[in-house]
Number of protein chains: 2
Amino acid sequence: MDPNRSYRHFCAMARSLELIGERWSLLVVRDLLLGPRRFSDLADSLGGITPTRLTERLRHLQAVGIVERDRRPGRREVWYRLTDAGQDLGPVVDALTLWGIRHARPAVRPDETVRAQHVLNGTKVWLDSRRIRPRKGATWVWHFPGEAYTLRYDGASWRLTRGDAQADADVVVRTTPPAWARFLATPTSGRRLPGTGIHLSGMRSAQAEFAAAFGSSLPPG
Amino acid sequence: MDPNRSYRHFCAMARSLELIGERWSLLVVRDLLLGPRRFSDLADSLGGITPTRLTERLRHLQAVGIVERDRRPGRREVWYRLTDAGQDLGPVVDALTLWGIRHARPAVRPDETVRAQHVLNGTKVWLDSRRIRPRKGATWVWHFPGEAYTLRYDGASWRLTRGDAQADADVVVRTTPPAWARFLATPTSGRRLPGTGIHLSGMRSAQAEFAAAFGSSLPPG
DNA sequence: CTGGATCCATGATGATACTG
DNA sequence: CAGTATCATCATGGATCCAG
């Protein structure tokens, strides 16, 4: 088992792919980008990966300095998190995400699992690519059953975090991962907000700005 | 042989990786980013790939709309080039290249082939990441034995093209791929220009700007 | 329940040789 | 020049089991 098979090119991209080019590796990084996760969190959000494979990938990512393993004394769980080098893979994930949005037909397939984090990362990359630029600090919160995510515009780009921004949300979206996924997969011309399984709250002007960002408009009244 | 094995995630990045995540695929794209190449050009610049694998990757990239195959009537050669979707993978290649420069120890290994295109793409990404911003239109040309490459600053980022920019070069670098690779792999504090196997020409002020961009300075006189 | 390990079948890749 | 053919090896998935 030598996942480090070299391409033998003097090429920085080839070097990167020698470290994170195997199947699943970048998906593990993607799922750690918003913060530490346990083995079983990863196994769940990665869907089809087998425990063997996940163990192997985590060990390898740890060996090359992308992932750190954190076991607190007295605690049974093991938390995995990204090192600084791992966090620096964010732009790689975003570039692949943007290309996928543009060229890889992002319709929801019937047999797919839909995770909130993945859908919202797509939302973030899409907003960045569309140059959606509200006032600095604008904050939109998605409430899904059991979890919440926040997108905040920092004046230059959008930032995705896990959890609820509490009081300072301009818009709160209540929906489910599949409902929001279907909305994103709809061409802008066919989008309606609020829509099936999507409920908005917040000041009307903020809701209108939100809807406009996604190519929709609010119904009158 | 099903290179489209789905991850079954509703995730744009996973979609992308289903199309270009297999070994060699992104390296083929990388080598086509500067223009069409023949099968044997690719086999050469990709070094270790076997003909079977290269054929398979090209067919697959063609099937998913990233590569086009072009055979002129009466000609034996087949030219491969990127579609627009393929060209859009440029940011993915650049993001991986930048990560590799920062985190994947880009020293030249003894058994590696060093291709001018790969080294200069690293040079381009490095200049972009360092925010090296000369006047708009600034043009630096590298002359290697048998081939030439041009880097030009367009006011926002650096552009790499194959071939000589002819008369409007501000600086011309005469060197070899390994010599320039060793220069790039040297920490900025240890770089010297001109250096071993690296010869500069152009107005002295332009040469000084060039050297400064790479963290070096010119010797007095 | 968390975090694995093991076994086996199959898919993906590499090495080498050869062809129109 | 642009591939095929054949065979060996490596990587991955599926299923099952196990220790703390």
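Bear in mind that the values here come from a model prediction, so they are computed numbers and not experimental data.

Reading the values: the criteria
Residues numbered from 1 in each chain as written. Chains lettered and ligands numbered in written order. Predicted model: local features only at pLDDT ≥ 70, side-chain atom pairs only at ≥ 80, totals over all residues. Heavy atoms only, no water. Near = heavy atom within 4 Å. Polar contact = N/O pair within 3.5 Å; in protein donor to acceptor, adjacent residues only side chain to side chain. Helix = DSSP H or I, 4+ residues; strand = E, 2+ residues; numbered from the N terminus. Nonpolar A, V, L, I, M, F, W, Y, C, P; charged D, E, K, R; others polar. Domains from an automatic or database assignment. Contact = heavy atoms within 4.5 Å. Buried area = accessible area lost by both parts, 1.4 Å probe. Buried < 20%, exposed > 50% of the residue type's maximum accessible area, 1.4 Å probe, protein only. Arc of directions from axis to C-beta.

**A closer look at the protein's contact with DNA strand C**
Neighbouring residues of DNA strand C: 25 residues in total, closest Thr-52, Val-78 and Tyr-80 of chain A together with Arg-23 and Arg-57 of chain B. Within 4 Å of the protein, atoms of DNA strand C come from sugar and phosphate in 67% of cases. Separating a base oxygen of DNA strand C from a side-chain N or O atom of Thr-52 of chain A is a distance of 2.5 Å. Between DNA strand C and Arg-69 of chain A, the relevant distance is 3.0 Å, taken from a phosphate oxygen to a side-chain nitrogen or oxygen of the residue. Listed by contribution, the elements that provide at least two residues to the surface near DNA strand C are helix H3 (39-45) and helix H4 (51-63) of chain A together with helix H4 (51-63) of chain B. For the surface near DNA strand C, the element with the most residues is H4 of chain A, which contributes four residues. Grouping the constituent residues of the surface near DNA strand C by class yields seven nonpolar, five polar and 13 charged.

**What to know about the domain arrangement of chain A**
All names here are of chain A. According to the domain assignment, chain A consists of domain 1 (3-88) and domain 2 (91-213). The interface of domain 1 with domain 2 comprises eleven residues on the first partner and ten residues on the second. Between domain 1 and domain 2 the total buried area reaches about 990 Å² when both faces are included, carbon and sulfur atoms providing 56% of it. Considering only the surface of domain 1 that becomes buried against domain 2, Leu-26, Arg-30 and Leu-34 emerge as the three largest contributors, covering 51% of it. Per-element tally for the side of domain 1 that touches domain 2: the top contributor is helix H2 (residues 25-32), with three residues. Class assignment for the residues of the side of domain 1 that touches domain 2 results in three nonpolar, three polar and five charged.

**A short note on helix H9 (residues 204-213) of chain A**
Side chains of residues three or four places apart in an α-helix project in the same direction, reflecting 3.6 residues per turn. Residues and elements named next belong to chain A. Three or more residues of H9 are buried, namely Ala-206, Gln-207, Phe-210, Ala-211 and Ala-213. An end-on view of H9 places all buried positions within 160 degrees of arc, on one side of the element. Where the residues of H9 are buried, they touch helix H7 (116-129), strand E4 (139-144), strand E7 (171-174), helix H8 (177-185) and strand E8 (199-202). One or two residues past the end of H9 sits Gly-215, with phi positive at roughly 80 degrees.

**A few points about the protein's contact with DNA strand D**
Contacts to DNA strand D come from 25 residues, most closely from Arg-76 of chain A together with Arg-69, Arg-76, Val-78 and Tyr-80 of chain B. Within 4 Å of the protein, the contacting atoms of DNA strand D are 62% sugar and phosphate, with bases supplying the remainder. One of the side-chain nitrogen or oxygen atoms of Trp-24 of chain A is found 2.9 Å away from a phosphate oxygen of DNA strand D. Here Tyr-80 of chain B contributes a side-chain N or O atom positioned 2.4 Å from a phosphate oxygen of DNA strand D. Looking at the surface near DNA strand D, the elements with two or more residues in it are H4 of chain A together with helix H3 (39-45) and H4 of chain B. No other element matches the four residues that H4 of chain B contributes to the surface near DNA strand D.

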